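# Examination of the molecular architecture
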Number of protein chains: 2
Amino acid sequence: LKLANMSIRGFTFGALAAGIKHPGSERPDLGLIVSEKPAIAAGVTTTNLVCAAPVLITRKRLETGLCRAVIINSGNANAYTGSVGYQDALEITGAVAGLIGDREDLVLPMSTGVIGTHMPMDRIKEKLPSLVAQLDAGSFMDVAESMLTTDTKAKTVFLEGTVSSGTFKIMGMAKGAGMIAPAMATMLAVIITDMEVDQPFLQRCLSSSVGKSFNIISIDGDTSTNDTALLLSGGHPDAIRLGRSASDRATFEDLLSKACMSLARQIVSDGEGTTKVIEIRVQGAQNDHSAEMIARTIAESLLVKTAFHGEDPNWGRIICAAGRSGCIFDPSRVDLFIGSVQVVSNGEPAPASWENAAHEVMKSREFSVLLDLHSGDSQGVIFTTDLSEEYVTINADYRS
Amino acid sequence: LKLANMSIRGFTFGALAAGIKHPGSERPDLGLIVSEKPAIAAGVTTTNLVCAAPVLITRKRLETGLCRAVIINSGNANAYTGSVGYQDALEITGAVAGLIGDREDLVLPMSTGVIGTHMPMDRIKEKLPSLVAQLDAGSFMDVAESMLTTDTKAKTVFLEGTVSSGTFKIMGMAKGAGMIAPAMATMLAVIITDMEVDQPFLQRCLSSSVGKSFNIISIDGDTSTNDTALLLSGGHPDAIRLGRSASDRATFEDLLSKACMSLARQIVSDGEGTTKVIEIRVQGAQNDHSAEMIARTIAESLLVKTAFHGEDPNWGRIICAAGRSGCIFDPSRVDLFIGSVQVVSNGEPAPASWENAAHEVMKSREFSVLLDLHSGDSQGVIFTTDLSEEYVTINADYRS
C-alpha cells in the first residue's frame, strides 16, 4: 500500500498523544475521524453484560443511523467506571461536537485499555482543540496507530470495488491482541466506505460480515467489555450511491466481508505472545451450533494451544477437547487431519508414520486442523493462536 | 503421618516400574490394590464424551457394586485407542484376576497418561506376576506414587473416625496436575475405608463428596478422558459395619467429604506450574447454576489467571469475566473483595487506597476472591490456580 492511496473521499483523520495511560507519554493515544457530512452508520457491540460507558453511548446513538465523528482513545477502557465514567464519555463527545459544530449525538466514542480507572479528563479535554485543528485526509494510519494497546502493529485494510454507479473504496482499521474471543463483535474496528449505502442494508452487511470474521477468532476466550465495530458510509456531499441491483449489493457485501476478514486475520496474527495462527475446522457435525462449539472448545483448550506452541502433534488433546464440548458425536467415526496429514482415521490412530509429517506441518506459522465427525452435514471454523510463555509474561505484568 | 500408620485392614498394595512410557525407565508406573474379600465399591467417572477404555470397563463393572482389585497405570491413558485398547484393558484385568484367583469382573482398571497410544502389553504382562507377589499391607504410598504423571508429589489422605459400631479409617490417594476442570469426576482417585458400608449409601456419599470437592477445582479447564474416583469399603472378612443410625452415617459422610476435599486441595495445589491457589466465591446470585458458572468463568479466564500470577489486583478482568459468563446480574450493585480488601463497592471502584492492600493479599500462596452480586441468595465456589510461564513450558514440551 502506498501512503498516497490511504485517503477516502469525505473523511479526515487526526491523532495525538494525550498521556491517557501515563502522563507525559509521547505515545499517540487519542484519535479522531470526522466526515464532511453525517455518514450513514452501522455498528455491532460487545455481548458482555458488563459494557463500557462508550459502548452504552455508541449503542444508543447508533439508533439515529448517522455519525459525523468517532473519537477513539487507548490506555483507558472507561469500563466499570460507574456514573462518573458515563458523564466523562458524554463530556468528551460534547466537546468534540462543539469543536466541529455539529450535534452531540452524531459523535460516537470508543475506548480501549485498562478497566475500572476513571478517564484523565483534564489531559483529554486540553488536547481536543489541537486534535480537531490537525484533521486531514491523509492521517488514517495515525488513527489506526493511536488505538493500539498491547498490539505490536496497526491493523488496516484498503480495498477498491466497482459497481454500476462507479468505483468505491472500503478502508478499515482495528485493534486487539488480548481479550479476544468469538461470540461478540470484535475489539475496536472502524470501517469506512465512500459509497453511500442505505442504513438497513449497511447494518445487515456489517452484522453478517462480523459473524464470519471477527466472531470466528479467539486468542484467549475473554470477550471484552468494549468490543465495537463501526461501519461509516458516504460522508461526502457528492458521494456515489449504491443502487438496488442485486449484483451491485453482492459486490459491496463481498468487499466488506473481505475487509472484515483481513482485519480479523491481522488481529489473530498479532495476538499477545502468538507465534502461530491455526484454522480449526469442524465438519460433519449434527448442526451449526455443535460444529461451532466443538471448534471453539478445541481453539480455547490450554492443552491444545500449548501443544500448538510446542509443535507437538499431540492429537489426543484435540479429541479430548471435542469430547468435553458438551456436543454429541460418535467418537468411533472421527477423522482428524493436521494440515494434509491424517492422524486419526475412522476413530483409530493412524499408523505411526504420520508423526514426523504432522510435526513438519506444525513448524509453519499458519496451518489448519480438520476434524470430520461424520455425524451430520454442518461445519464451523475458528481461527486461533498458540499459547506461549510470552502471553503469560505480557498478562502477568502488573497492570498490562 | 507416620509410615507405620499407612495401612488399612483388609487391603494390600504393590507397585513397580514396567517402563510403560519409556522402556527401561525405573519410574514406578504400575500399581495394584487388592482386598482380602470383595470390597463394596462406588465410583464416578468422567463426563467427557470420549472415554478411555478403562473408564468404559470400570463403569460397566461397577454395576456389580463389588471390587476385589484395582490395577492402575500411569504413562499411557489407553484413551482413544479403539477396539485394540479395549481388548488390552480386558486382557490386563483378566491376567490380574487369574493371578489373584477371582472373577475378572471384580478387577477394575485405571489408566492415566498420553492419549492415543496403544499400551505396551508385553512389558505390562511380564510384570504382573511380580506385582502380585509383592503385595503387602504397608505399600499404600508406593501405589500413590506409581499413579503420578506431571504431578510433583503424591496426594494422599489418612483419617480416622468413630461410630457406634467402632473406629474406622478412610485413606485415599489421587493424582492430577493438568487436564483438571470441574464438571467431571476428577483425575484418578482411590479412596478406601475399612468400614463396611451398604452400596447405595456408599455411592450417594461418594457422588455428594465429589460434587463438593473434585468438581469445584479447575487448573486448566480441560476435563480428562480418564477421570475416575473409586471408593472401596470393607474388604476384610471381619470388617465392622456401618449401622443405620443417622448420626453414624453423618459421621462417615463427613469424614469422607474431608478426605475428598483434602485430595482435591492437594491436586489444585500441585497444578502444573502453579504458584498460587485461589478460592473464587460468588454469592448473591440468582440461582446455583449462575453462581457456579460465574465462578468457573472467572476461574478459567486466562487474563484473570495471569493477573493472579503477577499478583496484580487488576479486578477489571474479574468483572469482565463475570460479565461474559452468560448469566444475568446487575453490574451496578456488585461488591468485590480480594482477601478482606474491598476493591469494588456497589458497582463503583473503591478509593485508590485499596490497591497496595490487595497487592499484599495476592503475595500469599493462598487467598480468596469474593464476588457478591446482590441479585439473589445462591452461592458457588471454585478453587483455581494462577497461570504461569511454567505451565506453558510443561505443556508445550513435545508429548508431555
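Above this note sits the structure.
To keep things clear, this report deals only with the structure shown in the data block. Note that the structure is predicted; figures quoted are calculated from it, not measured.

## Side note on the overall build of chain A
The secondary structure content of chain A amounts to 11 helices and 15 strands. For chain A, the C-alpha radius of gyration of 22 Å lies close to 21 Å, the compact-globule estimate for 400 residues. Across its three principal directions, the C-alpha atoms of chain A cover 70 × 55 × 40 Å. The buried share among the 400 residues of chain A stands at 62%.

## Digging into the side chain of serine 74 of chain B
Residue and element names in this part refer to chain B. Of note, serine 74 is situated in the loop between strand E3 (66–73) and helix H2 (82–100). Looking at serine 74, its side chain comes within polar contact range of the main-chain oxygen of serine 146, at 2.8 Å. In this structure serine 74 touches Ile20, Arg27, Pro28, Asp29, Thr112, Ser146, Met147, Leu148 and Thr149, once residues within four positions along its chain are discounted.

## As for the relation of the copies chain A and chain B
If you rotate chain A by 180° and push it 0.0 Å along the axis, it lands on chain B with an RMSD of 0.0 Å. These values place the two chain copies in the arrangement generated by a two-fold rotation axis. For chain A, the residue whose C-alpha comes nearest the rotation axis is glutamate 389 of chain A, separated from it by 2.2 Å. A high fraction, 100%, of the interface residues of chain A reappear at the interface in chain B, so the copies pair face to face through one surface.

## Some details on the sheet that holds strand E8 (residues 217–218) of chain A
Residues and elements named next belong to chain A. Strands sit in the order E8-E15-E10-E14-E11-E12-E13 across an open sheet of seven strands; the sheet is mixed. Two strands in the sheet have a free side with no partner beyond their single neighbour: E8 and strand E13 (348–349). Of the pairings in the sheet, the one linking strand E11 (residues 335–338) to strand E12 (residues 341–345) comprises three bridges and is antiparallel in character. Looking at the pairing, leucine 336 lines up with valine 344 of E12. Where helix H7 (residues 288–300) meets the sheet, it contacts E8, strand E10 (277–285), strand E14 (366–372) and strand E15 (378–385), and its direction lies at approximately 20° from that of E15.

## A word on the pattern of salt bridges
All names here are of chain A. With the rule as written, the count across this model stands at 34 salt bridges over all chains. Ionic pairing is found between aspartate 270 and lysine 155, a salt bridge with its closest N-O pair at 2.6 Å. Highlighted residues: aspartate 270 in the loop between helix H6 (246–269) and E10 and lysine 155 in strand E5 (residues 155–163), separated in sequence by 115 residues. Taken individually, aspartate 270 and lysine 155 each receive the classification buried, so the pair is uniform in this respect. Residues joined in a network through salt bridges with shared partners are Lys37, Glu196 and Arg241.

## A short note on the packing of helix H5 (residues 199–211) of chain A against H6 of chain A
Residues and elements named next belong to chain A. Taken N-terminus to C-terminus, the directions of H5 and H6 make an angle of 40°; their axes are 9 Å apart at the nearest point. With respect to H6, the axis of H5 lies oblique. Two packed elements cross with a definite hand, and for H5 against H6 that hand is right-handed. Mapping the contact onto sequence places Phe201, Leu202, Cys205, Leu206, Ser208 and Ser209 in H5 and Arg249, Phe252, Glu253, Leu256, Ser257 and Cys260 in H6. Across the contact of H5 with H6, the residue classes break down as seven nonpolar, three polar and two charged.

## Here's the deal with unusual backbone geometry
Positive phi values are uncommon outside glycine, yet tyrosine 80 of chain A reaches one of about 55°. Position of tyrosine 80 of chain A among the secondary structure elements: in the loop between strand E3 (66–76) and helix H2 (82–100).

## As for the side chain of lysine 169 of chain B
Looking at where lysine 169 of chain B falls in the secondary structure, it is placed in strand E6 (residues 166–175). Within the structure, the side chain of lysine 169 of chain B is placed 3.0 Å from the backbone oxygen of serine 7 of chain B, a separation counted as a polar contact.

## Topic: the pairing of strand E11 (residues 335–338) of chain B
Residues and elements named next belong to chain B. In the sheet, E11 pairs with strand E14 (residues 366–372) via four bridges, with the strands oriented antiparallel. Opposite aspartate 335, over in E14, you have aspartate 372 as the bridge partner. Between E11 and the antiparallel strand that follows it, strand E12 (residues 341–345), lie two residues; glycine 339 among them carries a positive phi value of about 60°.

Quick notes on the rules
Residues numbered from 1 in each chain as written. Chains lettered and ligands numbered in written order. Predicted model: local features only at pLDDT ≥ 70, side-chain atom pairs only at ≥ 80, totals over all residues. Heavy atoms only, no water. Helix = DSSP H or I, 4+ residues; strand = E, 2+ residues; numbered from the N terminus. Rg over C-alpha atoms; globule rule 2.2 N^0.38 Å. Buried < 20%, exposed > 50% of the residue type's maximum accessible area, 1.4 Å probe, protein only. Polar contact = N/O pair within 3.5 Å; in protein donor to acceptor, adjacent residues only side chain to side chain. Contact = heavy atoms within 4.5 Å. Least-squares fit on C-alpha atoms with pLDDT ≥ 70 in both. Pairing = 2+ DSSP bridges. Axes fitted to C-alpha atoms, helices over the stretch in contact; angles between N-to-C directions. Salt bridge = Lys/Arg side-chain N within 4 Å of Asp/Glu carboxyl O. Parallel < 35°, antiparallel > 145°, perpendicular 65-115°, else oblique. Left-handed = near helix turned anticlockwise from the far one by under 90°. Nonpolar A, V, L, I, M, F, W, Y, C, P; charged D, E, K, R; others polar.

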